[in-house]
Amino acid sequence: TSRALDTAYHDRHQRLSIHQRLIALGFAFGSVVVVVLTLGIMVDAPFLDEHRTLAEQFGISQALVTVWWILRWPVVLAVLVAFLLCLYRFAPSVRHGWRHLLPGAVLGVLLWILAAVAFRIYLAFGGGDPTGVVVDPSDARVVIIGQAVGAVVATVLWTYFSSIAILVGNELNAELTRQRQQDA
């Protein structure tokens, strides 16, 4: 990832290998945490489902459920922007101030959310019968396998589009940096 981020700035990768590996490992762990948080909040939000059954079992009041449904989007935005700001600040070899990285982080987050919403739409509408030839429509195994394969493909595509969103945000930051350097 850091090499791809460096490429946007037309910069050669200049860090020591062990230092770069530690940064990459930290961001790999951080990205797993962020993906779990964002998918849990945006796609599933399991403790506050539409039927509110789980929320009622845990004794969560209706007011708290309503507040969560309103505040979950700002929480997602804050988590994602903070993650991308850290990624754009520490992963490339090029150093910039935090405020110069904000436009790319916001663009990356908007594109990332677009990918997650598309993923949720797929999960909502992709739960039906699999496409193609079905030998025995009463065979539930065929339906389950089709849904499992579809979910794996959707997850891989979501990961790919999320990566593209992150790189596009970094490209915006790199271009804005070039514009600032030309103006100076």
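### Quick notes on the overall build of the protein
In step 1: Secondary structure assignment for the protein yields 6 helices and 0 strands.
In step 2: For the protein, the sequential pattern of α-helices and β-strands runs α-α-α-α-α-α.
In step 3: Looking at the protein as a whole, 31% of its 184 residues are labelled buried.
In step 4: Of the contacts formed within the protein by residues at least 6 apart in sequence, a portion of 74% connects residues at least 24 apart.
In step 5: Just so you have it, the protein exposes about 11,600 Å², and 70% of that area is on carbon and sulfur atoms.

### What about helix 5 (residues 98-125)?
In step 1: Here helix 5 contains 28 residues, and its C-alpha end-to-end distance of 40 Å stays within 8% of the 40 Å for a straight helix at 1.5 Å per residue.
In step 2: At G104, helix 5 shows its maximal bend, which comes to roughly 25°.
In step 3: Turning to helix 5, its buried residues number three or more, namely L101, G104, A105, G108, V109, W112, I113, A115, A116 and F119.

### So, helix 4 (residues 62-90)
In step 1: If you check helix 4, its first and last C-alpha atoms are 41 Å apart, about what 29 residues at 1.5 Å a residue would give, namely 42 Å.
In step 2: At L71, helix 4 is bent by approximately 40°, the largest bend along its length, and proline P74 sits one to four residues beyond.
In step 3: Buried within helix 4 we find V65, W68, R72, V76, L80, V81, F83, L84, L85, L87, Y88 and R89.

### Concerning the side chain of T177
In step 1: By the element assignment, T177 lies in helix 6 (residues 140-183).
In step 2: A polar contact is formed between the side chain of T177 and the backbone oxygen of N173, at a distance of 2.9 Å.
In step 3: With sequence-adjacent residues up to four places away left out, T177 is seen in contact with Y9 and H96.

Cut-offs used in this document
Residues numbered from 1 in each chain as written. Predicted model: local features only at pLDDT ≥ 70, side-chain atom pairs only at ≥ 80, totals over all residues. Heavy atoms only, no water. Helix = DSSP H or I, 4+ residues; strand = E, 2+ residues; numbered from the N terminus. Buried < 20%, exposed > 50% of the residue type's maximum accessible area, 1.4 Å probe, protein only. Contact = heavy atoms within 4.5 Å. Areas by Shrake-Rupley, 256 points an atom, 1.4 Å probe, with all protein chains shown as cover. Expected span 1.5 Å × (residues − 1). Bend = angle between axes of the 7 residues up to and from the residue. Polar contact = N/O pair within 3.5 Å; in protein donor to acceptor, adjacent residues only side chain to side chain.

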